[in-house]
Amino acid sequence: MQIDLLLKNVHVFNVYFKKFIIGNIAISGDKFLYIGTKKTPVVPKNVIDMSGKYIIPGLVDCHMHIESTMCTPRTFSKWVVKNGVTTLIAEPHEIANVFGLEGIKAMVQSIKDGPADIYIAIPSSVPSTNACLETTGAEIGSDSVAAMLHMDKVICLGEVMNGHDIIAGPDTKTSRLVRQVKENAPKFPLEGHLPRFLDWDLAQILYNGVNSDHTDQTLETIRQRIGGGCFLQLQEKTITPEFIQYLVEHNLFEHFALVTDDTMPDSFIKRGHLNYLVKKAMKAGLTPEQAIYAATYTPARRMGLSDKGSIAPGKIADFVVLDDPRQFHVLATYCSGREVYRCDGVQEPEERDTSFPSHFYHSVHVTPRTEDNFTLHVEQKTGSVCCRILCVSNKTTFVQEETAIFPVKNHEICWEDSPYNLAVVFERHGKNGGCGYALVGGAAMKKGAAATTYAHDHHNLLVIGQTKADMMLAANTVIENQGGYAAAINNTVTAFAALPIAGILSDQPLDVLGRQIQGVTQSLREWGYDHPNIIMSLSTLSLPVSPDIKVTDKGIIDVRKQKILPMIID
């Protein structure tokens, strides 16, 4: 057996002992052959003296959405390896909400061109609820699931977002899809999205085989999930000293992994990807060894990738070179024994990705908006009305309900003179031309307007603002460009990121897209939007599976009861 590469004098991270061991690494083809201190009987083709540097398995992200970066898979893959991430499980339910199975196939085709090893999760919730509560461009049903079961790189059932549908009984759409995957691919993990489900409700979901969760947590939800055999996926907002201490004290290292879920393009450039969460986990209380373990071995094992996540004979030679695990500065990344990134190497210039079908650039079917589209007409001529308010949190993507009184003049609710925003969701897939209205307060901006077709998960046109004129300008900017994210104030567009591919992806290089999204974020922050992740907070204002109350093209949605609520309270 030949040795293609021998790395001498390294600190190798052994996941089985959870510690670094000094030795050498021999690689044959795309796999590790030998790790140890003995001289190999075969003369290596190439030898590199690593001078005591640290080598860890390539990072594995077992729950994420490429579309959240708003860049194409090809562009994403080239950037993610710079951060030491070599394997990802991506769920393409964002583009599936626009183009269905055709959109997924287009994503898969783009994925093939990148250096990272990207697997696919079958979207289980397209739409996230049902056609009565939101309108999508396409649906993923049993026929699409059956087709995906035979696609290359498909590895699991993606996050089951509609837990209420499972609880409702065995004949619901979600229950049928879960059962279909269990019967036809019994080894597939069934991924969950279980915000605040507890006790009997949680037990019913776990009983049906959906046994992971990546949503917001409390100590009680963590206790019940792990106690019930549920695998915990910690995204950024759940990597806190309190939660880490609980996991460490109870020796729960086999039951959780670090995942990115959603990464905004500007933070992708500035902070990184899964490597950033590894560093955050260390600051929150994990040792470097424990944090690396949660970003390599446990996520690989969760997904049944027995040849990933460790450095051992016969395993795929995905690895990362570090100078210091505590600093976690990536010096180089290797995929299948081949160097795909070096921090001091020559970086190829980025180019636009034009690989998607041409009709993906024409998916926003909305005519230009007028100020009347942002007028709240009522039957009564004067007086006042009591309205529901969507109160945006400044910490999570959860939204609570409040109420406020608004004056009425000439059959119109005078919302522009209030401290509240108006939010409108316009159906943009050419299905019914519907729209839903809601008044928004809390952490939302205090002036200006924003509009986007990047609105989870239906990706209709979401517009929010303080004046009709600003909302109209922001909306029409997005419409004219066939998708994007716009910020406008005083008849001026202050920032815009074009997302012409399905209305959710950019074909521009990531550094260009990142600056554009950063401009939108900066505008909204200057206008008073108070949230650590403004884009995600705003975009999920229309996600009807995230507690407690949201708005879609059908109107205001009570998430827990899964029903439409009137804006005006009698």
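Note that the structure is a prediction, hence the values are computed from the model and not measured. (Residues numbered from 1 in each chain as written. Predicted model: local features only at pLDDT ≥ 70, side-chain atom pairs only at ≥ 80, totals over all residues. Heavy atoms only, no water.)

> Describe the pattern of salt bridges, and please don't skip the residues or the numbers.
Any two side chains of opposite charge can pair, given that their charged atoms come close. Summed over all chains, the structure comprises 20 salt bridges. Between lysine 31 and aspartate 30 there is a salt bridge, with its nearest N and O atoms 3.5 Å apart. On the basis of relative accessible area, lysine 31 is assigned to the partly exposed category, the value being 35%. Judged by its relative accessible area of 31%, aspartate 30 is partly exposed. With a shortest N-O distance of 2.6 Å, arginine 302 and glutamate 191 are connected by a salt bridge. Of this pair, arginine 302 sits in helix 12 (residues 297-302) while glutamate 191 sits in strand 10 (residues 190-192), and the two are 111 residues apart along the sequence. Residue arginine 302 is classed as buried on the basis of its relative accessible area of 15%. Each of Asp117, Lys153, Lys308 and Asp318 takes part in one network of salt bridges that share partners. (Salt bridge = Lys/Arg side-chain N within 4 Å of Asp/Glu carboxyl O. Buried < 20%, exposed > 50% of the residue type's maximum accessible area, 1.4 Å probe, protein only. Helix = DSSP H or I, 4+ residues; strand = E, 2+ residues; numbered from the N terminus.)

> Give a description of the side chain of histidine 63 that names residues and reports values.
Within the element layout of this structure, histidine 63 appears in strand 6 (residues 59-64). Given the relative accessible area of 3%, histidine 63 is considered buried. A polar side-chain atom of histidine 63 sits 3.4 Å from a polar atom in the side chain of glutamate 159. Setting aside its immediate chain neighbours within four residues, histidine 63 contacts Ile89, Glu91, Glu159, His214, Gln233, Val259, Thr260 and Asp261. (Polar contact = N/O pair within 3.5 Å; in protein donor to acceptor, adjacent residues only side chain to side chain. Contact = heavy atoms within 4.5 Å.)

> Quick rundown of the packing of helix 7 (residues 219-227) against helix 8 (residues 241-249)? Include the residues and the values.
Running from N to C, helix 7 and helix 8 cross one another at 30 degrees; their axes reach a closest spacing of 10 Å. As helix 7 runs across helix 8, the sense of the crossing is right-handed. Residues Leu219, Ile222, Arg223 and Ile226 of helix 7 touch helix 8, and the partners they reach there are Glu242, Phe243, Tyr246 and Leu247. Residue classes in the contact of helix 7 with helix 8 are distributed as six nonpolar, no polar and two charged. (Axes fitted to C-alpha atoms, helices over the stretch in contact; angles between N-to-C directions. Left-handed = near helix turned anticlockwise from the far one by under 90°. Nonpolar A, V, L, I, M, F, W, Y, C, P; charged D, E, K, R; others polar.)

> Residues and numbers for the layout of surface pockets, please.
Approximately 540 Å³ is the volume attributed to the second largest pocket. Lining the second largest pocket are 20 residues, with Lys78, Lys82, Val340, Gln347 and Glu348 positioned closest to its centre. Broken down by element, the residue count for the lining of the second largest pocket peaks at five residues, all from strand 16 (residues 338-342). Grouping the constituent residues of the lining of the second largest pocket by class yields six nonpolar, three polar and eleven charged. (1 Å grid on protein atoms, 1.4 Å probe; cavity = no way out; pocket = protein on both sides within 12 Å on 5 of 7 lines; lining within 4 Å. Points joined across faces, edges and corners; volume = space filled by probe spheres on them.)

> Any chance you could break down the sheet that holds strand 6 for me, citing the residues and the numbers?
The parallel open sheet is built from five strands, whose spatial order is 6-7-8-9-10. The sheet is open, and its two borders are formed by strand 6 and strand 10, each paired with just one other strand. Each adjacent strand pair in this sheet contributes to an overall mean axis angle of 30 degrees, direction not counted. Two strands pair when backbone bridges link them, and strand 7 (residues 85-90) and strand 8 (residues 117-122) are joined in this way by four bridges, in the parallel orientation. By the bridge assignment for strand 8, leucine 88 is matched with isoleucine 118. Along the sheet face, helix 10 (residues 274-284) touches strand 6 and strand 7 and points at about 100 degrees away from the line of strand 6. (Pairing = 2+ DSSP bridges.)

> Tell me about the sheet that holds strand 13 (residues 256-258), and name the residues and values.
Read from one edge of the open sheet, three strands run 11-12-13, paired in parallel fashion. In the strand order of this sheet, the two ends are held by strand 11 (212-213) and strand 13, each with one partner.

> Kindly report on helix 10, identifying the contributing residues and their values.
Among all positions in helix 10, only Leu274, Asn275, Leu277, Val278, Ala281, Met282 and Ala284 are buried. Once helix 10 finishes, glycine 285 follows within two positions and takes phi at roughly 135 degrees, a positive value.

> Please give an account of the pairing of strand 2 (residues 19-28) that cites residues and values.
Most of strand 2 sits inside the fold, with seven of its ten residues counted as buried. Direction of pairing for strand 1 (residues 5-14) relative to strand 2: antiparallel, over a ladder of eight bridges. Its bridge partner lying in strand 2, phenylalanine 13 is registered against phenylalanine 20. Taking the residues that link successive antiparallel strands as the turn, the strand 1-strand 2 hairpin has four residues, and the phi of lysine 18 there is positive, at about 55 degrees. In the sheet, strand 2 pairs with strand 3 (residues 31-36) via five bridges, with the strands oriented antiparallel.

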